[in-house]
Amino acid sequence: MSKDCIFCKIAAGEIPSHKIYEDDYVLAFLDIHPCSTGHAVVIPKKHFESIEEIDSENLAFLNDGARRTAKKVYSVLKPDGMNIGLNDKPAAGQAVPHIHLHIIPRWKGDGGGSMHSIVRAEATEPAEEIIKKFV
Ligand code: AMP
Ligand code: ZN
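Values in this document were obtained by computation on a predicted structure and should not be read as measured data.

Side note on the packing of aromatic side chains
Part 1: Enumeration according to the criterion identifies two aromatic pairs in this entry.
Part 2: Judged by centre distance (5.5 Å) and plane angle (80°), the rings of phenylalanine 7 and phenylalanine 29 are edge-to-face. Of this pair, phenylalanine 7 sits in helix α1 (residues 6-11) while phenylalanine 29 is found in strand β2 (residues 26-30), placing the two residues 22 residues apart along the sequence. Residue phenylalanine 7 shares its accessibility class with phenylalanine 29, and that shared class is buried.

Written as structure tokens, this is what we have:
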């Protein structure tokens, strides 16, 4: 548990939340400022800040928690689709520094976009140059 972390406090039950799913490793609860009806966040109970920090076992638990939460939301609220995603680090919009997956239910005609609408910055280098850095 990280002192002063709001999601650690929610995981510990020190701050109330509207829980959708819980197991030994993860907790899913309704977002306090929902982007759509049923918007939920799924968190590991253990504190990790980002995808760089979390270990593969806890990430696997988080992913499976997201899968179970999504199934519950599909069965209860019957959305037409969902966006499921991670804002990793402040540059990507992460406000709470405890890794979490957003589950954002979507309905046909709701006016929202896809992942592609998050950012539209020109690539600074062609793919042929970028890939050289990975080899
Ligand atoms: P992010 O920008 O990815 O860090 O998202 C953090 C999310 O946590 C936001 O969508 C907030 O609305 C949500 N949030 C912050 N505090 C609470 C809280 N006490 N209960 C539920 N959701 C919260
Ligand atoms: Zn935390």
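Next comes the rest of the write-up.
Here's the deal with the site of ligand 1
Part 1: What surrounds ligand 1 is a group of 15 residues, the closest being Asp31, Gly93, Ala95, His100 and His102.
Part 2: For ligand 1, a nitrogen atom lies 3.1 Å from a polar atom in the backbone of isoleucine 32.
Part 3: Glycine 93 is positioned such that a nitrogen or oxygen atom in its backbone is 2.8 Å from an oxygen atom of ligand 1.
Part 4: Considering ligand 1 on its own, with 500 Å² of exposed area, one finds that the protein chains cover 84% of that surface.
Part 5: Most atoms of ligand 1, that is more than half of them, are within 2 Å of grid points of the largest pocket.
Part 6: For the shell around ligand 1, the secondary-structure elements that each account for two or more residues are α1 and β2.

Focus: the coordination of the zinc ion (ligand 2)
Part 1: On the protein side, the zinc ion (ligand 2) has Cys5 (SG), Cys8 (SG), His47 (ND1) and His98 (ND1) as donor atoms, found 2.0 to 2.3 Å from it.
Part 2: Here the donor residues of the zinc ion (ligand 2) are spaced in sequence according to C-x2-C-x38-H-x50-H. Pair noted here: cysteine 5 is in the segment before α1 and histidine 98 is in the loop between β4 (81-85) and β5 (101-106), with a separation of 93 residues, a long-range link.

Reading guide: rules and limits
- Residues numbered from 1 in each chain as written.
- Chains lettered and ligands numbered in written order.
- Predicted model: local features only at pLDDT ≥ 70, side-chain atom pairs only at ≥ 80, totals over all residues.
- Heavy atoms only, no water.
- Phe/Tyr/Trp six-rings, centres within 6.5 Å; stacked < 30°, edge-to-face > 60°.
- Helix = DSSP H or I, 4+ residues; strand = E, 2+ residues; numbered from the N terminus.
- Buried < 20%, exposed > 50% of the residue type's maximum accessible area, 1.4 Å probe, protein only.
- Near = heavy atom within 4 Å.
- Polar contact = N/O pair within 3.5 Å; in protein donor to acceptor, adjacent residues only side chain to side chain.
- Areas by Shrake-Rupley, 256 points an atom, 1.4 Å probe, with all protein chains shown as cover.
- 1 Å grid on protein atoms, 1.4 Å probe; cavity = no way out; pocket = protein on both sides within 12 Å on 5 of 7 lines; lining within 4 Å.
- Sits in = over half its atoms within 2 Å of the grid points.
- Donors = N, O, S within 2.8 Å, 3.2 Å for Na, K, Ca; no water.

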